[in-house]
Amino acid sequence: MKLSVVIPVMNEEDNIAPLFKAVREALKDIDYELIMVDDGSSDKTVEKMKELADERTKILVFNRNFGQTTAMAAGIDEAKGELIVTLDGDLQNDPADIPMMIEKLEKKGWDLVAGRRAKRQDGMFLRKIPSKIANAIIRKTTKVYLHDYGCTLKIFKADVAKNLGLYGELHRFIPVLAKMYGAKITEVDVRHHPRIHGESKYGIGRTFRVVSDLLLMLFMQKYRTKPMHLFGTLGIPMLGAGLLIDAYMFLVKLFGEDIGQRPLLTLGVMLTLGGIQLITTGFIAELIMRTYYESQNKKPYTIKEVYVGKSKNSDETKD
């Protein structure tokens, strides 16, 4: 199969019909499969998808809401195509851009082509400005030079997509994860439409979560396979300084001076204990990372149902 299209959705019942239509029109000349991942919808999104699903469509229904990143990861795990596209379910991304992105990826030998919303149709103060700030911070700190990390429309070679290691809320850091894998990345301008139906699931609050996710990304970039290099580098000088201060205070005590009320003693003890804690944390982190890489491949989500669309010439449905 040439292409797998992965679309996470949550409470998008009014967008399902036009979304299916847009995907089918855009990809009519491509051998593709459509993987819809329902992330705990409470409206009629699942029913609408089942009504419109054809033999190219597979629907994964979560038993509860797990988040956009996890829904994306589940769809990628299920994908069988040589190339994998991720797309928003709110019709703000345009499926008509996908053939152009495929051509760019194949002609230039890229591993990931990311969309850049050239004329973004979102609110200025609640969406555009916070996004620009977050993009600038990510670009500066990770050294992955893209302009729009938040655009869901991306196309990957399958081996890149399946080795991203998507957990938590790391979907906005997909280009960084891909770069860590060794992928060749570029971006291209894509269309962006205003939301017509439903409400956005993401507000300004997510901008603040970028900071904590960014710290994780920086750690993963530099110390993912060697956490002791971080904790040891901080802990050993701290422990050394604490031990020197403690030795000095011990000598002072030997000469008969009272050290019980001296702040330097408190500092020495704190540095010693802090250094020991950082070093032992490094040991534990090393063991955890070894377990992470050597443990079984367990999924962070639960699929309640897998529904395969009906062919026009077949009534077979799998549950």
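Residues numbered from 1 in each chain as written. Predicted model: local features only at pLDDT ≥ 70, side-chain atom pairs only at ≥ 80, totals over all residues. Heavy atoms only, no water.

1. Side note on the packing of aromatic side chains
Phase 1 of the analysis: Taken as a whole and judged by the stated rule, the model has one aromatic pair.
Phase 2 of the analysis: Ring geometry for phenylalanine 62 and phenylalanine 66: centres 5.2 Å apart, planes at 85 degrees, overall edge-to-face.
Phase 3 of the analysis: On the accessibility criterion, phenylalanine 66 (17% relative accessible area) is buried.
Phase 4 of the analysis: Over the face of the ring belonging to phenylalanine 66 we find arginine 64, whose NZ or CZ atom lies 3.9 Å from the ring centre.
Phase 5 of the analysis: Positioned above the aromatic ring of tryptophan 110, the side-chain terminus of lysine 184 is 5.9 Å from the ring centre. (Phe/Tyr/Trp six-rings, centres within 6.5 Å; stacked < 30°, edge-to-face > 60°. Buried < 20%, exposed > 50% of the residue type's maximum accessible area, 1.4 Å probe, protein only. Lys NZ or Arg CZ within 6 Å of the ring centre and 35° of its normal.)

2. Things to note about the pairing of strand 3 (residues 57-62)
Phase 1 of the analysis: Burial analysis of strand 3 places six of its six residues in the buried class, the great majority of the element.
Phase 2 of the analysis: Sheet topology note: the strand 3/strand 8 (residues 303-308) ladder contains five bridges and is antiparallel. The partner of valine 61 across the bridge, within strand 8, is glutamate 305. (Helix = DSSP H or I, 4+ residues; strand = E, 2+ residues; numbered from the N terminus. Pairing = 2+ DSSP bridges.)

3. A word on the pattern of salt bridges
Phase 1 of the analysis: For the coordinates displayed, the defined rule picks out 13 salt bridges.
Phase 2 of the analysis: Residue arginine 24 is joined to aspartate 54 by a salt bridge in which the shortest nitrogen-to-oxygen separation is 3.4 Å. Placement of arginine 24 in helix 1 (residues 13-26) and of aspartate 54 in the loop between helix 2 (45-52) and strand 3 is noted, with a sequence separation of 30 residues between them.
Phase 3 of the analysis: The class for aspartate 54 is buried, based on a relative accessible area of 17%.
Phase 4 of the analysis: Across the pair glutamate 305 and lysine 50 runs a salt bridge whose closest N-O atoms are separated by 2.8 Å. Of this pair, glutamate 305 sits in strand 8 while lysine 50 sits in helix 2, placing them 255 residues apart in sequence. (Salt bridge = Lys/Arg side-chain N within 4 Å of Asp/Glu carboxyl O.)

4. Describing the pairing of strand 2 (residues 32-38)
Phase 1 of the analysis: Across the seven residues of strand 2, seven count as buried, placing the element largely inside the fold.
Phase 2 of the analysis: What you see with strand 2 is no split at all: Tyr32, Leu34, Met36 and Asp38 on one side and Glu33, Ile35 and Val37 on the other are buried throughout.
Phase 3 of the analysis: Where strand 1 (residues 3-9) lies against strand 2, seven bridges are found, and the strand directions are parallel. Across the sheet, the residue bridging to leucine 3 is tyrosine 32, located in strand 2.
Phase 4 of the analysis: Once you follow strand 1 into helix 1 and on to strand 2, the crossover reads as right-handed.
Phase 5 of the analysis: In terms of strand pairing, strand 2 meets strand 3 through five bridges, oriented parallel. Its bridge partner being in strand 3, methionine 36 is matched across the sheet by isoleucine 59. (Right-handed = clockwise from strand over helix to strand, strands pointing away.)

5. Topic: the environment of leucine 87
Phase 1 of the analysis: Structurally, leucine 87 is set in the loop between strand 4 (83-86) and helix 4 (98-108).
Phase 2 of the analysis: Counting along the chain gives 66 residues from leucine 87 to leucine 153, while the straight-line C-alpha distance between them is 4.7 Å.
Phase 3 of the analysis: Setting aside anything within four residues of it in sequence, one finds leucine 87 in contact with Val5, Val6, Ile7, Pro8, Leu19, Val23, Asn93, Pro95, Thr152 and Leu153. (Contact = heavy atoms within 4.5 Å.)

6. Focus on the confidence of the model for the protein
Any segment with low pLDDT has predicted coordinates that should not be analysed in fine detail.
Phase 1 of the analysis: Per-residue pLDDT for the protein has a mean of 86; in total, 87% of the residues score no lower than 70.
Phase 2 of the analysis: Strand 4 holds the highest mean pLDDT among the elements of the protein, 98, whereas helix 5 (residues 124-142) holds the lowest, 71. (pLDDT = per-residue confidence, 0-100.)

7. Focus on the sheet that holds strand 6 (residues 154-157)
Phase 1 of the analysis: Taken in spatial order, the eight strands make up an open sheet running 7-5-6-4-1-2-3-8, and their pairing is mixed. Because the sheet does not close on itself, it has two edges, and the strands there are strand 7 (185-190) and strand 8. The average undirected angle you get between the axes of adjacent strands in this sheet is 20 degrees.
Phase 2 of the analysis: The pairing of strand 5 (residues 112-117) with strand 6 spans three bridges and is classified as antiparallel. For valine 113, the partnering residue across the bridge sits in strand 6 and is isoleucine 155.
Phase 3 of the analysis: Sheet strands touched by helix 2: strand 1, strand 2, strand 3 and strand 8. Its angle to strand 2, the strand with the most contacts, is close to 160 degrees. (Axes fitted to C-alpha atoms, helices over the stretch in contact; angles between N-to-C directions.)

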